[in-house]
Amino acid sequence: MLGLIKTLKTLGDRTPLGLKQLKHDRLRLLTAIAGITFADILIFMQLGFADALYKSNTQYPRALQADLVIISTQAKNFGQLRTFTRRRLWQAQDVPGVVSAEPLYLGSVQWRNPQNRQQTSMLLIGQNPSQPAFDLPDVNAKLDTIRLPDHVLFDQASRGSYDEMIEQVNRGERVTTEIGLRTVEVAGLFEVGASFSDDGALITSDQNFLRLFPKREAGAVSLGLINLEPEADLEQVRAELAARLPDDVQVLTQAGYVDFELNDIQSASPIGFVFGLGSAMGFIVGVVIVYQVLSTDVNSHLGEYATFRAMGYRNSYLLGIVVEEAIILSVLGFVPGLVIALGAYQLTAAATALPLAMPTSRAITVLTLTFVMCGASGAIATRRLQAADPADIF
Amino acid sequence: MSTNHSIVVHQLNHSFGAGNLQKQVLFDINLAISAGEIVIMTGPSGSGKTTLLTLIGGLRSAQTGSLKVVGHEITGASENDLVKARRNNGYIFQAHNLHGSLTAIENVQMGLEVHGNLAKPERHRQAAAMLEKVGLGDRIHYYPADLSGGQKQRVAIARALVSRPKIVLADEPTAALDKKSGRDVVDIMHDLAKQQGCTILLVTHDNRILDIADRIVYMEDGRLSKQPELAESAQ
């Protein structure tokens, strides 16, 4: 403790050479800051996209309102759930503790944007209108409306230009468009957000779903939602269901199902790797730029450094100068990087309807990476210090 | 006898390189400089003057023979001991070697900071007083780029002398200066050294400043000759 106080005192007492060197050459300072800022923005965007991908592809799984979830053993992810027979749900109702087992039907449809008449791919979800399937109050308030034939609810965070249509719906006007050969009416709005695979989503009743997918049978269910008695033990009932039901389905808790989705994105798709690589590239760009700046700085001060050594300064003092410069550059580069990334997140979120946000943990991660980046560059640059041999400058 | 001497060199040899490429540059150097003495070392280029100076200053480690600087033997000293030994000396170089990002007073303070025993305000006070003494009291906040060659060299002298070193080592301090500035610089150096009672060993080719010396030694081909006649005949 005493040693730390002494060290801090010595630090405060020393001439801030690194700061002065950086301040003296403004152009070099700006170059370094621009480089670090650029690298940080790159890393922020890559991490943001990766996170948005994970989030947007698990938004509906996260919103599911159920204690347990049944999916086909062949299910890959929410977009490719396959189907299983509805009998499994009836069998499930036989297990003690289970209150209800409701089917959920999923499918991708081509729908015509009512505003500009363009075809886009939408995720269509069919649910039992007598029971909430999602933790979405806007949907649950409108469950009666989707009982009507060819009435759908629309995710207003869908990608594309829907502003006029949304206004019309909000004014209570009748908005109709086409899905396949049928004309549907947009009866209400809710908000979740687009994913990479679908531009948006529609929620309707199971009957309407089957009308829009004439080839799908009511017996072929995408996902089963199990609700338990309040006092039932979640894990115990899950194990019992898994044991009771044949192997063509798997039983997961709701949280377990979200993990299943995340796991699929992380392992099966190359996207986690791609964005990880993108972040690494940003990091390397940062290291190269900071190294260039710091090593040029060391080079152009070799004479002065050698003089300091001749005066009796230790090599560690010179290392301190480079470390000081690295820390100052990290902070000065990170702050604008963070601000610009926040702006870029908002722009991207507005343009793509992807859920981009800046959690504190990510800011801390990138700040740490910036320190590591500048530290690594500084460490490479200090090798040049060996050339500051005072015997050579006399 | 050696107690009055601040520098004692005894049978010092020094070689560069190793194996077949080994080349001896200093041969059997014997030199004793008393405390407070001003000694000028002169001689042709490549004769080994600078090498001797760097050995005395602890910038290289001496190989054979004996080299005592203010009572400390530095032949075979460790790197750590050499770094400490360097702090006892003030250096003045041919090029001023001031730090371009520091003002005159900050540069002079660097000469004090290395000792680590003075707080910042005290360093500032002493550095300002020193700059006053070298006639730059009105320019203490100038950067080196805004000072003339002579002024820069005077800042370098202030930096070397501010910590009151026992020994000042100077390598061609006037080489880059015109006659007038060169004269001013050595006069300042001479006066301050006499005030502080420090020993000066000055390497130079500049005949115009030989008069400040108490003694002139002449080096040729790595051998030292103390005869002033020889030194003068070389002029």
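Note that the coordinates shown come from a computational prediction; the quantities given were computed from them, not determined experimentally.

Procedures and definitions
Residues numbered from 1 in each chain as written. Chains lettered and ligands numbered in written order. Predicted model: local features only at pLDDT ≥ 70, side-chain atom pairs only at ≥ 80, totals over all residues. Heavy atoms only, no water. Helix = DSSP H or I, 4+ residues; strand = E, 2+ residues; numbered from the N terminus. Rg over C-alpha atoms; globule rule 2.2 N^0.38 Å. Buried < 20%, exposed > 50% of the residue type's maximum accessible area, 1.4 Å probe, protein only. Contact = heavy atoms within 4.5 Å. Areas by Shrake-Rupley, 256 points an atom, 1.4 Å probe, with all protein chains shown as cover. Lys, Arg positive; Asp, Glu negative; His and termini not counted. Charge placed at Lys NZ, Arg CZ, Asp CG, Glu CD. Core = buried A, V, L, I, M, F, W, Y, C linked by side-chain atoms within 4.5 Å. Domains from an automatic or database assignment. Salt bridge = Lys/Arg side-chain N within 4 Å of Asp/Glu carboxyl O. Polar contact = N/O pair within 3.5 Å; in protein donor to acceptor, adjacent residues only side chain to side chain. Nonpolar A, V, L, I, M, F, W, Y, C, P; charged D, E, K, R; others polar. Phe/Tyr/Trp six-rings, centres within 6.5 Å; stacked < 30°, edge-to-face > 60°. Lys NZ or Arg CZ within 6 Å of the ring centre and 35° of its normal.

Would you take a moment to explain the overall build of chain A for this structure?
Counting secondary structure elements, chain A contains 15 helices and 11 strands. The globule rule puts the C-alpha radius of gyration for 394 residues at 21 Å, and the 30 Å found for chain A is more than 25% above it. With respect to the three principal axes, the spread of C-alpha positions in chain A is 95 × 50 × 35 Å. Considering chain A as a whole, with its 394 residues, one finds that 51% of them fall into the buried category. Looking at chain A alone, contacts between residues at least 24 apart form 80% of all its contacts between residues at least 6 apart. If you sum the accessible surface of chain A, you get close to 18100 Å²; carbon and sulfur atoms cover 58% of it. Positive and negative side-chain charges of chain A, numbering 32 and 39 respectively, have mean locations separated by a distance of 6 Å.

Help me understand the nonpolar core in this model?
Soluble globular proteins: nonpolar side chains tend toward being buried together. Counting residues in each nonpolar core, the largest one holds 39 residues, and the members touching the most others are Val108, Leu131, Val155, Ile157 and Leu202 of chain B. Looking at this core, the elements with two or more residues in it are strand 3 (38-42), helix 3 (104-113), helix 4 (120-133), helix 5 (149-161), strand 7 (167-171), helix 6 (179-196) and strand 8 (199-203) of chain B. Every residue in contact with Leu131 of chain B, bar those within four places of it in the chain, is listed here: Ala104, Ile105, Val108, Leu136, Gly137, Ile140, Val155 and Ala158 of chain B. The next biggest cluster of nonpolar side chains, apart from the first, holds 37 residues, and it includes Tyr105, Tyr162, Val169 and Phe209 of chain A.

Help me understand the domain arrangement of chain A in this model?
As a measure of interface size, the accessible area lost when the parts come together is often cited. Residue and element names in this part refer to chain A. Splitting chain A by domain gives domain 1 (15-56 + 271-393) and domain 2 (74-246). The centre of domain 1, based on its C-alpha atoms, is set 48 Å off from the matching centre of domain 2. One can count zero salt bridges joining domain 1 with domain 2. Counting across the domain 1 and domain 2 interface gives zero residue pairs in polar contact (both at pLDDT 80 or more). The element best represented in the side of domain 1 that touches domain 2 is helix 3 (residues 26-56), accounting for three residues. Residues belonging to the side of domain 1 that touches domain 2 are distributed by class as follows: six nonpolar, two polar and no charged.

Could you clarify how one ought to interpret the pattern of salt bridges in this entry?
Note that side chains of opposite charge can pair when their charged atoms are close. Following the criterion strictly, the structure yields 25 salt bridges over all chains and no others. Glu79 of chain B serves as the salt-bridge partner of Arg86 of chain B, at 3.8 Å between the closest nitrogen and oxygen. Judged by its relative accessible area of 2%, Arg86 of chain B is buried. We classify Glu79 of chain B as partly exposed; its relative accessible area is 45%. The partner of Lys194 of chain B in a salt bridge is Asp214 of chain B, and the shortest N-O contact between them spans 3.4 Å. Separated by 20 residues along the polypeptide, Lys194 of chain B in helix 6 and Asp214 of chain B in the loop between strand 8 and strand 9 (215-220) bring together distant segments of the chain. Counted as one network, the salt bridges with shared partners bring together Asp25, Arg28 and Asp297 of chain A.

Before we go on, may I ask you to explain the environment of Ser279 of chain A in this structure?
Residue and element names in this part refer to chain A. Looking at where Ser279 falls in the secondary structure, it is placed in helix 11 (residues 271-300). Taking the C-alpha atoms as reference points, Ser279 and Leu47, separated by 232 residues in sequence, lie 6.9 Å from one another. Look past the residues within four positions of Ser279 in its chain and what remains in contact with it is Ile43, Gln46 and Leu47.

Honestly, the packing of aromatic side chains in this entry has me stumped. Any pointers?
One pair of aromatic rings is described through two measures. These are the centre distance and the angle between the planes. This model, assessed by the stated rule, comprises 13 aromatic pairs over all chains. With 6.1 Å between their ring centres and 45° between their planes, Phe44 of chain A and Phe334 of chain A make a pair best called tilted. With Phe44 of chain A in helix 3 and Phe334 of chain A in helix 13 (residues 315-352), this pair connects stretches of sequence that are 290 residues apart. Among the residues examined, Phe334 of chain A registers a relative accessible area of 8% and is labelled buried. Taking the centre distance of 5.4 Å and the plane angle of 70° together, the rings of Phe308 of chain A and Tyr313 of chain A count as edge-to-face. Here Phe308 of chain A falls in the buried class, since its relative accessible area comes to 1%. Here the aromatic residues Tyr60, Phe78 and Phe134 of chain A are joined through ring pairs into a cluster of three or more. Here Arg223 of chain B stacks its cationic end above the ring of Phe27 of chain B, 4.4 Å away from the centre of that ring.

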